[in-house]
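So you can see what is in the structure, the chains are spelled out below.
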Amino acid sequence: MTLNQLGSLGDLFGGIAVIVTLLFLALQIRKQTIEARLNATRELARGLIAQMQSVAQDGELSSIYVRGIRDYDALPEIDRIRLSMNLHSTFRIYEQAFLHISRTNVDESYFASSEKTKFELLSFPGVQRWWERSNN
């Protein structure tokens, strides 16, 4: 085998090594992207669960929540403030979910599920009234 033939063989193996390396990197990037998407989805879910638990575990806040989603204006001022803070926090989580999904950082099935929950919440007359008052 001549020196030119050995050089060509070396070029061939070098090209194959580059292609294999690029394929490996592509697979690693894909795996990392999937993992990042799952982590973002998990964090958003944790935030929403924490918000729900704050209402579920605090009897006074649960009472305010139930009365407030029905008739926000009937609540005493301090209770309107407590409910408002809770709703603001909840809708900030929904806002983050929207931002993440628009950048494809979150699993779409999570977004669809959280959108359903958001629109259910927005269907209550007290929440609609809060929305009007807080977004003017």
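Note that this is a predicted model, so its numbers are computed, not measured.

Trainee: Explain the overall build of the chain to me, please; I cannot follow it from the model alone.
Mentor: Of regular secondary structure, the chain possesses five helices and zero strands. Taken from the N to the C terminus, the helices and strands of the chain come in the order α-α-α-α-α. Each of the three principal axes of the chain carries a C-alpha extent, and together these read 95 × 30 × 20 Å. Sorting the 136 residues of the chain into buried and exposed places 26% on the buried side.

Trainee: Looking at this model, I keep getting lost on the nonpolar core. Mind explaining?
Mentor: Across soluble globular proteins, you tend to see nonpolar side chains buried next to one another. The biggest cluster of nonpolar side chains holds 21 residues, and the ones touching the most others in it are Leu-44, Leu-83, Leu-87, Phe-91, Tyr-110, Val-127 and Trp-130. Of all the secondary structure elements, the ones that give two or more residues to this core are helix H1 (3-57), helix H2 (59-70), helix H3 (77-102), helix H4 (108-122) and helix H5 (125-134). Once residues lying within four places of it in the same chain are set aside, the contact partners of Leu-83 are Ile-64, Tyr-65, Gly-68, Ile-69, Tyr-72 and Leu-75.

Trainee: Would you explain the packing of H3 against H4 in this entry?
Mentor: The packing of two helices is summarised by the inter-axis angle and the distance between the axes. Remark: H3 packs on H4, axes separated minimally by 10 Å, with the N-to-C direction vectors making an angle of 145 degrees. Crossing angle aside, the handedness with which H3 passes H4 is left-handed. Where H3 abuts H4, its residues Leu-87, Thr-90, Phe-91, Tyr-94, Ala-97, Phe-98 and Ile-101 lie against Glu-108, Tyr-110, Phe-111, Ser-114, Thr-117, Lys-118, Leu-121 and Leu-122. Residues belonging to the contact of H3 with H4 are distributed by class as follows: 10 nonpolar, three polar and two charged.

Trainee: Where do I start with H4 in this structure?
Mentor: Given 3.6 residues per turn, any residue in an α-helix points the same way as the ones three and four places further on. Taking 1.5 Å of rise per residue, the 15 residues of H4 would be expected to cover 21 Å, and the 21 Å separating its terminal C-alpha atoms lies within 8% of that figure. Taken together, the buried positions of H4 are Tyr-110, Phe-111, Ser-114, Glu-115, Lys-118, Leu-121 and Leu-122. Each buried residue of H4 lies within a common arc of 135 degrees when the element is viewed along its axis, so the set occupies one face. The exposed set on the far side of H4, more than 90 degrees from its buried face, consists of Ser-109, Lys-116 and Phe-119.

Trainee: Even after reading the chapter, I still don't get the packing of H1 against H2, so can you show me in this structure?
Mentor: Packing of H1 against H2 leaves a shortest axis separation of 5 Å and a crossing angle of 100 degrees. If you check the angle between H1 and H2, you find them roughly perpendicular. Here Ser-54, Val-55, Ala-56 and Gln-57 of H1 come into contact with H2, specifically with Gly-59, Leu-61, Ser-62 and Tyr-65. Among the residues forming the contact of H1 with H2, the class breakdown is four nonpolar, four polar and no charged.

Trainee: Honestly, H1 in this entry has me stumped. Any pointers?
Mentor: Between its terminal C-alpha atoms H1 stretches 79 Å, which fits the 81 Å expected from 55 residues at 1.5 Å a residue. Every buried residue of H1 is listed here: Ala-40, Thr-41, Leu-44, Leu-48, Gln-51 and Val-55. The secondary structure elements touched by the buried residues of H1 are H2, H3 and H4.

Criteria and thresholds
Residues numbered from 1 in each chain as written. Predicted model: local features only at pLDDT ≥ 70, side-chain atom pairs only at ≥ 80, totals over all residues. Heavy atoms only, no water. Helix = DSSP H or I, 4+ residues; strand = E, 2+ residues; numbered from the N terminus. Buried < 20%, exposed > 50% of the residue type's maximum accessible area, 1.4 Å probe, protein only. Core = buried A, V, L, I, M, F, W, Y, C linked by side-chain atoms within 4.5 Å. Contact = heavy atoms within 4.5 Å. Axes fitted to C-alpha atoms, helices over the stretch in contact; angles between N-to-C directions. Left-handed = near helix turned anticlockwise from the far one by under 90°. Nonpolar A, V, L, I, M, F, W, Y, C, P; charged D, E, K, R; others polar. Expected span 1.5 Å × (residues − 1). Arc of directions from axis to C-beta. Parallel < 35°, antiparallel > 145°, perpendicular 65-115°, else oblique.

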